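# Coordinates in review
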Amino acid sequence: NRRLLGYDMYSEPAHGIAMSQARDTGEPRSTGKVYLFSEASPGSRADFALKPGFMVYLPIYGEGEPTGTVVERRSTLEGFVVGAFEAEDFLRGLFDEHEPLMDFEVYDREGLAPKNLLYDDDEVKRAGRSRERFSLFGAIGEYIGLPGSRPGGAPELSAFRQVDLAEQEWSLY
């Protein structure tokens with residue numbers, strides 16, 4: 001997007017935090033939920049649209065320069081490789097293989113508040129029922145509760161997981 005060329009992303013708090021953490025650790029870091037400039041829908045009079053998503057920053061240091069300490073990493077930082085991910089497109093691609101058998105809701109951080117919602121494939125909010133914290137690498141596949149029945153009488157199994165993407169915590173329901 002040409003309009004963003006030269007814009008200082010570091011001046012935005014969510015981006016500045018992710019960039020500083022990436023610079024200091026030498027590891028990729030993600031913003032939380034941010035709004036990304038995107039192409040407007042076909043037929044729209046707008047030039048662009050704002051869509052929920054996130055950005056991942058990977059630090060690049062001077063070739064051959066020492067990066068063993070935070071001070072060295074800070075002094076040899078040359079820039080970042082940046083990935084911008086529109087939440088709906090990114091997450092739909094991950095969850096499509098389960099359609100239509102499963103409904104996924106993804107929230108930024110731990111809160112299941114509507115303001116934290118990144119993705120909901122059927123726009124019916126089911127999160128907020130009884131849940132338990134799980135590690136991404138443990139207890140996958142267990143269900144939590146039988147909160148009710150779907151139309152037709154089949155029980156609805158639900159699960160809640162906390163996962164980490166480049167040190168940004170997401171809640172999956």
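Residues numbered from 1 in each chain as written. Predicted model: local features only at pLDDT ≥ 70, side-chain atom pairs only at ≥ 80, totals over all residues. Heavy atoms only, no water.

## Quick word on the overall build of the protein chain
Threshold: Each helix corresponds to a stretch of at least 4 residues labelled H or I by DSSP, and each strand to a stretch of at least 2 residues labelled E; elements are numbered beginning at the N terminus. The contact criterion used throughout is that any non-hydrogen atoms of two residues lie within 4.5 Å. Per-residue accessibility takes into account occlusion by the displayed protein chains alone, with areas from the Shrake-Rupley method and a 1.4 Å probe.
Counting secondary structure elements, the protein chain contains 3 helices and 8 strands. Taking as baseline every contact in the protein chain between residues at least 6 positions apart, the subset at least 24 positions apart corresponds to 47%. Just so you have it, the protein chain exposes about 11,000 Å², and 53% of that area is on carbon and sulfur atoms.

## Things to note about the packing of aromatic side chains
To describe a pair of aromatic rings, one takes the distance between the centres and the angle between the planes. Convention followed: Note on aromatic pairs: the rings of Phe, Tyr and Trp (six-membered ring only in Trp) are paired at centre separations within 6.5 Å, and the planes decide the class, stacked below 30 degrees, edge-to-face beyond 60, tilted for the rest. Each residue's exposure class comes from its accessible area (1.4 Å probe, protein chains only) as a fraction of the maximum for that residue type: buried when under 20%, exposed when over 50%, partly exposed otherwise.
Per the stated rule, a full pass over the model turns up 6 aromatic pairs. Plain terms: the ring middles of F54 and W170 are 5.0 Å apart, the flat faces sit at 75° to each other, and that makes the pair edge-to-face. Residue F54 is located in strand 3 (residues 48-61), and its partner W170 is located in strand 8 (residues 168-172); the two are separated by 116 residues in the primary sequence. The exposure classification of F54 matches that of W170, with both residues buried. Here the aromatic residues F54, F85, F90 and W170 are joined through ring pairs into a cluster of three or more.

## Quick word on a nonpolar patch on the surface
Convention followed: Patches draw on residues past 30% relative accessible area with no salt bridge. Two like charges within 9 Å are joined, as are two nonpolar side chains (Val, Leu, Ile, Met, Phe, Trp, Tyr) within 5 Å. Counted as salt bridges are all cases of a side-chain nitrogen of Lys or Arg within 4 Å of a carboxyl oxygen of Asp or Glu.
Residues Y35, F37, F48 and L50 make up a contiguous nonpolar surface patch of about 410 Å² in total accessible area. Those elements that place two or more of their residues in the nonpolar patch are strand 2 (34-39) and strand 3. Summarising the element assignment, F48 is placed in strand 3. By relative accessible area, F48 is classed as partly exposed at 32%.

## Quick look at the pattern of salt bridges
Taken as a whole and judged by the stated rule, the model has 3 salt bridges. The shortest N-O distance in the salt bridge between R23 and D24 comes to 2.8 Å. Judged by relative accessible area, which is 16%, D24 ranks as buried. Residue E86 pairs with K51 through a salt bridge whose shortest N-O separation is 3.8 Å. Of this pair, E86 sits in strand 4 (residues 77-86) while K51 sits in strand 3; the two residues are 35 residues apart in sequence, bridging distant segments of the chain. Given a relative accessible area of 27%, K51 falls into the partly exposed group. Through salt bridges with shared partners, a single ionic network connects R23, D24 and R74.

## Re helix 1 (residues 13-25)
What counts is decided by this rule: What a helix is expected to span follows from its residue count: subtract one and scale by 1.5 Å.
End to end, helix 1 covers 18 Å across 13 residues, agreeing with the expected 18 Å (1.5 Å per residue, within 8%). Here the buried face of helix 1 lies against strand 1 (29-30), strand 2, strand 3, helix 2 (70-76) and strand 4. Looking one or two places after helix 1, you find G26, whose phi comes out positive at around 80°.

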